[in-house]
Amino acid sequence: SSGINAEYGGGHMLIKGRPCKIENISTSKPGKHGSAKCSFTGIDIFTGKKHEAISPGHANVDAPIVNRKEYQLQYIDDSNFLSLYDEDIGEQIEHIRCPEGDLGDRLKEMLEADKSVMVTVLNSMGEEKVIDCKEDTKQD
């Protein structure tokens, strides 16, 4: 865990057990019964839901470890799972679903156009989500 001051500026923290990107922090002045309180508003990095939490200003908050990694997209299978190549370990990763909506459509269009596609996956607390894709312009 890290002190609240470390959380300013788009950091991440756990709110109600969910990894959230901090959107807003406001501090209330200390009342006559104790310390200042901080109120946090965060957006769940996987569901996009807004969560709020209040904690004493001197308390430590839990900051989840959030990793971001790029994989090369090989194909999308019939069950709509991505087949991704992890260059670091030289293995296929096949448990991440193709995202819904525009991002998923973009992935499929780029594949159909025979482009080399890099997919960015956000990973935290055992969950993963595709957050971006781009054409891989650096060819071997």
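Fair warning: this is a prediction, and the values are worked out from it, not measured in the lab.

A. Up close: the nonpolar core. Counting 16 residues, the largest nonpolar core has Leu73, Leu82, Leu84, Leu107 and Val119 as its most contacted members. Secondary-structure elements contributing two or more residues to this core are β7 (67–76), β8 (82–86), α1 (101–112), β10 (117–124) and β11 (127–135). Once residues within four sequence positions are removed from consideration, Leu82 is found in contact with Leu73, Tyr75, Ile76, Ile93, Glu94, Ile96, Arg97, Cys98, Leu107 and Val130. Ile15, Ile25, Cys38 and Phe40 belong to the second largest nonpolar core, which has eight residues in total.

B. Molecular detail of the pattern of salt bridges. Summed over the entire model, instances satisfying the criterion amount to seven salt bridges. Note that Glu23 and Lys50 form a salt bridge whose closest N and O atoms lie 3.6 Å from each other. Of this pair, Glu23 sits in strand β3 (residues 18–28) while Lys50 sits in strand β5 (residues 50–56), and the two are 27 residues apart along the sequence. The shortest N-O distance in the salt bridge between Asp86 and Lys69 comes to 2.9 Å.

C. Molecular detail of the side chain of Ser83. Looking at the secondary structure, you find Ser83 in strand β8. One polar contact links Ser83 to Glu94, side chain to side chain, over a distance of 3.4 Å. Setting aside residues up to four positions removed in sequence, Ser83 forms contacts with Gln72, Leu73, Gln74, Tyr75, Gln92, Ile93 and Glu94.

The rules behind each value
- Residues numbered from 1 in each chain as written.
- Predicted model: local features only at pLDDT ≥ 70, side-chain atom pairs only at ≥ 80, totals over all residues.
- Heavy atoms only, no water.
- Core = buried A, V, L, I, M, F, W, Y, C linked by side-chain atoms within 4.5 Å.
- Buried < 20%, exposed > 50% of the residue type's maximum accessible area, 1.4 Å probe, protein only.
- Helix = DSSP H or I, 4+ residues; strand = E, 2+ residues; numbered from the N terminus.
- Contact = heavy atoms within 4.5 Å.
- Salt bridge = Lys/Arg side-chain N within 4 Å of Asp/Glu carboxyl O.
- Polar contact = N/O pair within 3.5 Å; in protein donor to acceptor, adjacent residues only side chain to side chain.

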